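As a plain string of letters, each chain reads:
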Amino acid sequence: MTKQTQQVLWSTRFAFILAAIGSAIGLGNVWKFPYITGENGGGAFILLYLACIALIGLPVLVAEITLGRRARQNPVSAMQFLAQEEGVTSGWRLLGWMGTFAGVLILSFYSVVAGWTIAYVIEAVSGSFTGLTGETSGALFGDLIGSWEEGLLWHTFFMLLVLFVVARGVRHGLERLVVILMPLLFGMLLVLAVYAAFAGDFLKGLGYMFNADFQALFQKCEGEACEFTAEPLLVAMGHAFFTLSLGMGAMMVYGSYLPKQASIMNSAIVIALADTLVALLAGIAIFPLVFANGLQLGAGPGLVFVTLPIAFGSMPAGLLFGAIFFVLLLFAAWTSAISISEPMIAWLTGKRGLSRVSASLLVIGVAWFVGIGSVLSFNLWSGETYQLFGKTFFDLKDYLASNILLPLGGLMIAIFIGWAAHRRLSEEELALQNPAVFGLWRWLVRYVAPLGIILVFLNAIGIF
Ligand code: PFF
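Small disclaimer: the values here were computed from a predicted structure and weren't measured. (Residues numbered from 1 in each chain as written. Predicted model: local features only at pLDDT ≥ 70, side-chain atom pairs only at ≥ 80, totals over all residues. Heavy atoms only, no water.)

Attention now moves to the pairing of strand 2 (residues 225–228). Here strand 1 (residues 219–222) runs beside strand 2; their pairing, made up of four bridges, is antiparallel. Counterpart to lysine 220 in the pairing with strand 2 is glutamate 227. In this antiparallel pair of consecutive strands, strand 1 and strand 2, the connection spans two residues, and glycine 223 shows a positive phi of 65 degrees. (Pairing = 2+ DSSP bridges. Helix = DSSP H or I, 4+ residues; strand = E, 2+ residues; numbered from the N terminus.)

Printed below as a string of structure tokens:
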């Protein structure tokens, strides 16, 4: 197979970093991180998550970008090309397949939550946040998700937004969008964190986030009876992959557009730091408000949507801030969703010869259709009859994609670059001046990341 170099590259390394940050920072940071932290008891979970980011996520991020830039093709063809170059089985393209499948699954629930942010922009503008209490805020959110018509409307609307961009090609406009919006989102979260420091129960919130109680973390209690559970470990690792957009080829495709001379290691560090900072800041803004308003820590997917509007409803110019915040969150979700669909679109156009528009229509169309089930999970299909392993269709897709498929993809990436490929591949692509940094990365990607992922998997199924 010949190496078909992609025509269009990011204009600069900075443009790549921005696009990758746009992919990494999204609902995962502001919506998912606080709610899974709330479900898993706080500080100890956050420590586990940070360890997963540093020891597994960052090394795999470097590896995924490296493979993408080396091959300069969509994930399926990239793995086939690299396997051939390294003289190993072309079965490695399975990694690309798995990634595209995970992408559709993720997009099909991501879009529903992104749709809620659109609904909340409108709620903010129309003044619904004024004077909200814990109870009325919960009711507002309950009304939204309880209506499948509304859910479907916003889900469809968001998918059309994604379609609009991806059909025209990823690089158009993305750089400009991210350079303005991400600092703004960060600024808004700062405002909220400062507000939470005054109006919320700041000490309790911070204590919750930074006091690590590992004993409580691994205990699942129903009433008086508690038993050991390894689940939080799996969730923390899965989220490290989800939040860094890893394991499904998104960073591989973005890496394939990266100019040759750009430093992958430095870019990856910046991406991971920015992403982690935003997640922690979101937590710092949210948890003090949860305690001050007597809200449920384990409220689940509604946590952010119930908590923040209370703050907007009582702060000066809160309605304006609220509207701006949800618009920014919508943009963050948009830039992430674009990257989720990109691997599959790149494959359909690069390998299957579809036009960009047809490929986009197909991918978004399928994800939209599967996404209807995610909308219904909160209303018509919320009952036990429609659940599997105690999870709704929405939860099941999130669990399968984030906690299983993405880490599995990451495992394959680590094994490929660490064991199947020659050391020369990464040495050439990373071009690091400092041999110690290269040595450390290689040790992490060869031993720590794969073993860590395997141990967490074994742990989760109760073998270890
Ligand atoms: N990283 C995104 C977020 O935190 O919202 C979600 C995501 C994007 C997951 C791209 C996977 C992906 F390939």
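From this point, the narrative continues.
On to the packing of helix 2 (residues 27–39) against helix 14 (residues 303–314). In contact at an axis separation of 9 Å, helix 2 and helix 14 are set at 105 degrees when each is read in the N-to-C sense. It follows from the interaxial angle that helix 2 and helix 14 lie roughly perpendicular. Facing Val30, Trp31, Pro34 and Tyr35 of helix 2, the residues of helix 14 in contact are Leu303, Val304 and Phe305. (Axes fitted to C-alpha atoms, helices over the stretch in contact; angles between N-to-C directions. Parallel < 35°, antiparallel > 145°, perpendicular 65-115°, else oblique. Contact = heavy atoms within 4.5 Å.)

Let us now look at the site of the ligand. Around the ligand sit 15 residues, and of these Ala24, Gly28, Tyr110, Phe242 and Met248 come closest. Within the backbone of alanine 24, an N or O atom sits 2.9 Å from an oxygen atom of the ligand. Residue phenylalanine 242 places a main-chain N or O atom 2.8 Å away from a nitrogen atom belonging to the ligand. In isolation the ligand offers 340 Å² of accessible surface; the protein chains occlude 100% of this area. Only helix 1 (13–24), helix 2, helix 11 (231–243) and helix 15 (318–350) provide two or more residues apiece to the shell around the ligand. Looking at the shell around the ligand residue by residue, the classes come out as seven nonpolar, eight polar and no charged. (Near = heavy atom within 4 Å. Polar contact = N/O pair within 3.5 Å; in protein donor to acceptor, adjacent residues only side chain to side chain. Areas by Shrake-Rupley, 256 points an atom, 1.4 Å probe, with all protein chains shown as cover. Nonpolar A, V, L, I, M, F, W, Y, C, P; charged D, E, K, R; others polar.)

Even without a glycine there, the phi angle at alanine 317 is positive, about 55 degrees. Mapped onto the elements, alanine 317 comes out in the loop between helix 14 and helix 15. One non-glycine residue, phenylalanine 389, lies in positive phi territory at about 50 degrees. When you line up the elements, phenylalanine 389 lands in the loop between helix 16 (356–376) and helix 17 (393–420).

Where nonpolar side chains cluster on the molecular surface, the patch consists of Trp419, Leu440, Trp443, Tyr447 and Leu451 and spans about 560 Å² of accessible area. Sorting elements by how many residues they give to the nonpolar patch places helix 19 (residues 435–460) first, with four residues. Following the sequence through the fold, tryptophan 443 ends up in helix 19. (Patch = residues over 30% accessible without salt bridge, like charges linked within 9 Å, V, L, I, M, F, W, Y side chains within 5 Å. Salt bridge = Lys/Arg side-chain N within 4 Å of Asp/Glu carboxyl O.)

Right, let's talk about helix 8 (residues 174–199) for a bit. A rise of 1.5 Å per residue sets the reference length of helix 8, with its 26 residues, at 38 Å; its end C-alpha atoms lie 36 Å apart and thus fit the reference within 8%. Taken together, the buried positions of helix 8 are occupied by Leu174, Val178, Leu181, Met182, Leu185, Met188, Leu189, Leu192, Ala193, Tyr195 and Ala196. (Expected span 1.5 Å × (residues − 1). Buried < 20%, exposed > 50% of the residue type's maximum accessible area, 1.4 Å probe, protein only.)

This paragraph deals with the pattern of salt bridges. Inspection of every chain in the model, using the stated rule, returns nine salt bridges. Here arginine 70 makes a salt bridge to glutamate 428, at a shortest N to O gap of 2.9 Å. Of this pair, arginine 70 sits in helix 3 (residues 43–71) while glutamate 428 sits in helix 18 (residues 423–430); the two residues are 358 residues apart in sequence, bridging distant segments of the chain. Classification of arginine 70 by relative accessible area gives buried; the value is 8%. Owing to a relative accessible area of 44%, glutamate 428 belongs among the partly exposed residues under this scheme. Across the pair glutamate 427 and arginine 423 runs a salt bridge whose closest N-O atoms are separated by 2.8 Å. Taken together, the residues glutamate 427 and arginine 423, both in helix 18 and four residues apart, mark about one turn of the helix. Taken together, the shared-partner salt bridges in this structure form one network comprising Arg69, Arg70, Glu85, Lys260, Glu428 and Glu429.

All right, on to the environment of asparagine 379 then. Inspection of the secondary structure puts asparagine 379 in the loop between helix 16 and helix 17. In this structure asparagine 379 touches Ile145, Gly146, Ser147 and Trp148, once residues within four positions along its chain are discounted. A polar contact of 2.8 Å, which involves the side chain of asparagine 379, links it to the backbone oxygen of isoleucine 145.

In low-pLDDT segments, the atomic positions of the prediction should not be examined closely. When pLDDT is averaged along the protein, the result is 93, and 97% of the positions lie at 70 or above. Counting interchain partners and residues more than four positions distant, the pLDDT-below-50 stretch residues 1–7 has 18 contacts. (pLDDT = per-residue confidence, 0-100.)

With 29 residues, helix 13 (residues 264–292) should cover 42 Å at 1.5 Å per step; its first-to-last C-alpha distance of 43 Å lies within 8% of that length. Of all the 29 residues making up helix 13, 21 are buried; the element is thus mostly covered by neighbouring parts of the structure. Positive backbone phi, approximately 60 degrees, marks glycine 294, located one or two places after helix 13.

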